[in-house]
Amino acid sequence: MSSSPDAAKSTAAPAVPADPADLPRRAVDTIRTLAIDGVQAANSGHPGMPLGCAPMAYLLYREVLRHDPARPDWPGRDRFVLSAGHGSMLLYAALHLAGYERPTLDDLRAFRQLGSVTAGHPEQDMLPGVETTTGPLGQGFATGVGMAIAAERMAAELAAVDPDAADLAARNVYAIVSDGDLMEGVASEAASLAGHLRLGRLVYLWDDNRITIDGGTDLAFSEDVLARFDAYGWHTQRVTDGNDLDALRAAIAAAQADDRPSIVAVRTTIGYGSPAKAGTSASHGAPLGVEEVAATKAALGWPHTEPFTVPDDVREHLDARAEGAARSAAWDEQLVAFTSAHGAAAQDLVRRLTGAGMPAGWRDALTPPAGAKATRVHSGSVIGALAPVLPELFGGSADLAASNNTDIAGGGDFSADDRLGRNLRFGIREHAMAAAANGMALHGGFLPYVATFMVFTDYLRPSLRLAALMHQRVVYVMTHDSIGLGEDGPTHQPVEHLAALRAMPGVEVVRPADGAETALAWRLAAERQGPTVIALTRQGVPDLADASGAPVPDDAVENGAWVVRDPADGAAPEVVLIGTGSEVGVCLAAADELARDGVDVRVVSMPSPTRFRAADAAVRDAVLPPAVSARVAVEAGVAQGWEGIVGERGEVVAMTGFGASGPADELFAHFGFTPGNVARVARRVMDRAR
Ligand SMILES: Cc1ncc(C[n+]2csc(CCOP(=O)(O)OP(=O)(O)O)c2C)c(N)n1
Ligand SMILES: [Mg+2]
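Not measured: the values here are computed from a predicted model.

Draft legend 1. The sheet that holds strand S6 (residues 235-239), seen in detail. Sheet architecture is open: five strands sit in the order S1-S2-S3-S7-S6, paired in parallel fashion. Of all strands in the sheet, those bounded by a partner on one side alone are strand S1 (79-82) and S6. Taken over all neighbouring pairs, the strand axes of this sheet differ in orientation by 15 degrees on average, direction set aside. Judged from the five bridges that link them, S6 and strand S7 (residues 262-267) form a sheet pairing that is parallel. Its bridge partner being in S7, His235 is matched across the sheet by Ser262.

Draft legend 2. How the structure looks around the site of ligand 1. In the vicinity of ligand 1, 15 residues are found, and the nearest of them are His86, Ser178, Gly180, Asn209 and His284. The side chain of Ser178 places a nitrogen or oxygen atom 2.6 Å from an oxygen atom of ligand 1. Between ligand 1 and His284 there is a distance of 2.6 Å, counted from an oxygen atom to a side-chain nitrogen or oxygen. Against a free-state accessible area of 570 Å², the protein chains account for coverage of 73% of ligand 1. Only helix H6 (179-183) and strand S4 (211-212) provide two or more residues apiece to the shell around ligand 1.

Draft legend 3. Quick peek at unusual backbone geometry. With an omega of 0 degrees, the peptide bond between Arg102 and Pro103 qualifies as cis. Mapped onto the fold, Pro103 is located in the loop between helix H3 (88-98) and helix H4 (105-109). Non-glycine residue Arg112 carries a positive phi angle of around 70 degrees. One can find Arg112 in the loop between H4 and helix H5 (139-161). Phi at Phe308 is positive, roughly 60 degrees, even though this residue is not glycine. Considering the arrangement of structural elements, one finds Phe308 in the loop between helix H10 (290-300) and helix H11 (312-318). Phe308 gets classed as buried once you look at its relative accessible area, which sits at 6%.

Quick notes on the rules
- Residues numbered from 1 in each chain as written.
- Chains lettered and ligands numbered in written order.
- Predicted model: local features only at pLDDT ≥ 70, side-chain atom pairs only at ≥ 80, totals over all residues.
- Heavy atoms only, no water.
- Pairing = 2+ DSSP bridges.
- Helix = DSSP H or I, 4+ residues; strand = E, 2+ residues; numbered from the N terminus.
- Axes fitted to C-alpha atoms, helices over the stretch in contact; angles between N-to-C directions.
- Near = heavy atom within 4 Å.
- Polar contact = N/O pair within 3.5 Å; in protein donor to acceptor, adjacent residues only side chain to side chain.
- Areas by Shrake-Rupley, 256 points an atom, 1.4 Å probe, with all protein chains shown as cover.
- Buried < 20%, exposed > 50% of the residue type's maximum accessible area, 1.4 Å probe, protein only.

Have a look at this one:
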């Protein structure tokens, strides 16, 4: 077995020769000491969790996980989620010792430093082997549920072609979850869903150390957690001593064998080994200190004085590369056999499994839906058109499928009994829905989409944020996107949401104005690496090709904006009206009114102000001529963000407070989204611009 480049840096053997029978314990302690050395070197971080959970990491990375350190993206691998992301040094030490190319020992020494792959919390896009970014407690738990959904569906699709091929899919999703993870609401939502869907691939280990930051869990967390998981339909077990490798091994084996999702309450001691801090929250989130590190190593019986010591026999014991390479090579062979035996039937699954991009010609299915309808209806048509050509399209709604128009007709429901169903019924669990979608995207082979009323993006925002941070392709079908939803009133009417969503880095927010723009929004969403929010109306909107007399240009969404209508006589516009979504129609009607008075008006549809701002100057100037400072933006949300587009002389017709309950057209009139008001504001702006 070749040794890692860092092996040479291991310090000399201890005075007393190491006992080979003691190897597992010393390997566990190597994880422990690397973790506390990393935290100490950074003078920042969380030593307590790795000290308590090192035996779990040892078993997972040495015996349990089906992985290949040389191929962190091997599609057949098991997934491991460190949901308690604050214990990042545990993961970094485990990856290093298993023989992953990174983190190197130097990377471990650079823990938490700017530019280092060993970031404070595990960052999925920085270090191969980190399956998902964690840190916000609860997210990892729920993300793993999505990974298991994806693995289950992929296995079923493979099995439908060849029963033996099911094994090409990821077998299990393992996670270490903490007290904090289990207190968070998103974990409860996800656990409930996982139990209902009987996601037996989940094997979760709970670091049951009864400590959080403020003290003991008895301060705030006193229910019988396993009874709760039992009620969710999970398989529950207890390991009373987290250092008992045999008991842990047996519990993991039982968890793998059970067809329900499994959680094992592993009683651990936070800060295990630290004479002064073990069992207390003092070890949670601060370095032990130089003296306490030394005292901890002494208490563990660790004979090496040099930090970051990896004894040679431990390095060899934990090196998973040879076994991993053999496993992934066997998988490759199986994949080749599957492909040659099943030809075309296998080809598309292999494309998805190996992440080989979109199917050729998929865009041909995106014929723009026409007609004056609600954009949510157009989105439903797009989903219907894409479903046959994109088998990876897999998603659903948080109990609003009929309102969000998200069902794939005839696709069936994904359930405990039908793993081939194409529609996901997330239940009223927006947060877990979005986190699970991250897991599905991270798993690969799927284009996940999620849906709810746009106002409830507030309920899923933390997961959307992680999708953005991880550049994961998730489509957010967010309908009922303004006061235009009408009678349900202000609790259901998004006002600040468009602005708030646009403020999130890496999120594309597209608010299409008609069927063609809706199709283009979906195209963008399917082809970009990152989450896209498509804001859709409940109410009908005009067809822009009808209104402009020409088809919507192919780059309308890509550029962020386009000119829908110009003055009839080819004259230069005196004023530009800019709308998004349902307000483009209001702008067109206002333009008609102004044109009757002889005003030369341009109407712009701007489905993505963010993209428009980022577009080339030539594109921007062609849409908003710099010479025309009379500009009015119209959007039934807060004005924030539009000021820069309308400029100093322009104005925004926007919401300044919450909406109200009433019929949509009355609300539009009440809040000023009428052709008459927009025309009045336009005249005022033109006066000012003169
Ligand atoms: C959503 C969220 N809220 C708060 C925090 C800050 N925080 C980090 S760890 C933690 C709790 C620590 O308790 P536990 O999860 O049991 O971890 P342990 O101390 O046992 O390692 C908190 C509140 C966070 N990371 N995420
Ligand atoms: Mg804890």
